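The lines below spell out each chain.
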Amino acid sequence: MEIIVNGDPLKVREGITNIEELIQELRLEKKSLIVEHNQTILKKEKHKETAISEGDKLEIVHFVGGG
């Protein structure tokens, strides 16, 4: 399956079916994130229940600390 993440095409391996699994695959699970799925901002509680499909568009923003 291919989706768009932050404007770039991304091939998702078989078995990745929801946002939470994708975040784990991208190794972002320990970061503070905001995820937009097809122009809808998702609460963290919705990541596990939100399925991803061919052609979905996601924006994933994570915060970087610094001074």
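Residues numbered from 1 in each chain as written. Predicted model: local features only at pLDDT ≥ 70, side-chain atom pairs only at ≥ 80, totals over all residues. Heavy atoms only, no water.

(A) Quick look at the nonpolar core. One finds Ile3, Val12, Ile19, Leu22, Val35, Ile52 and Leu58 to be the most contacted residues of the largest nonpolar core, which totals 13 residues. Those elements that provide at least two residues to this core are strand E1 (2-5), helix H1 (19-25) and strand E5 (57-62). Counting residues per element, this core draws most heavily on H1, at three residues. (Core = buried A, V, L, I, M, F, W, Y, C linked by side-chain atoms within 4.5 Å. Buried < 20%, exposed > 50% of the residue type's maximum accessible area, 1.4 Å probe, protein only. Helix = DSSP H or I, 4+ residues; strand = E, 2+ residues; numbered from the N terminus.)

(B) How the structure looks around the pattern of salt bridges. On inspection of all chains with the given rule, the structure shows three salt bridges. For Lys11, the salt bridge identified is with Glu2, shortest N-O distance 3.5 Å. A relative accessible area of 67% means that Lys11 is categorised as exposed. For Glu49, the salt bridge is made with Lys46, and the minimal N-O distance between the two is 3.2 Å. Relative accessible area serves as the criterion here: at 56%, Glu49 is assigned to the exposed category. On the basis of relative accessible area, Lys46 is assigned to the partly exposed category, the value being 40%. (Salt bridge = Lys/Arg side-chain N within 4 Å of Asp/Glu carboxyl O.)

(C) Focus on the environment of Leu10. By the element assignment, Leu10 lies in strand E2 (residues 8-11). By relative accessible area, Leu10 is classed as partly exposed at 26%. In contact with Leu10, other than residues within four places in its own chain, are Met1, Glu2, Ile3, Val5, Leu22 and Leu26. (Contact = heavy atoms within 4.5 Å.)

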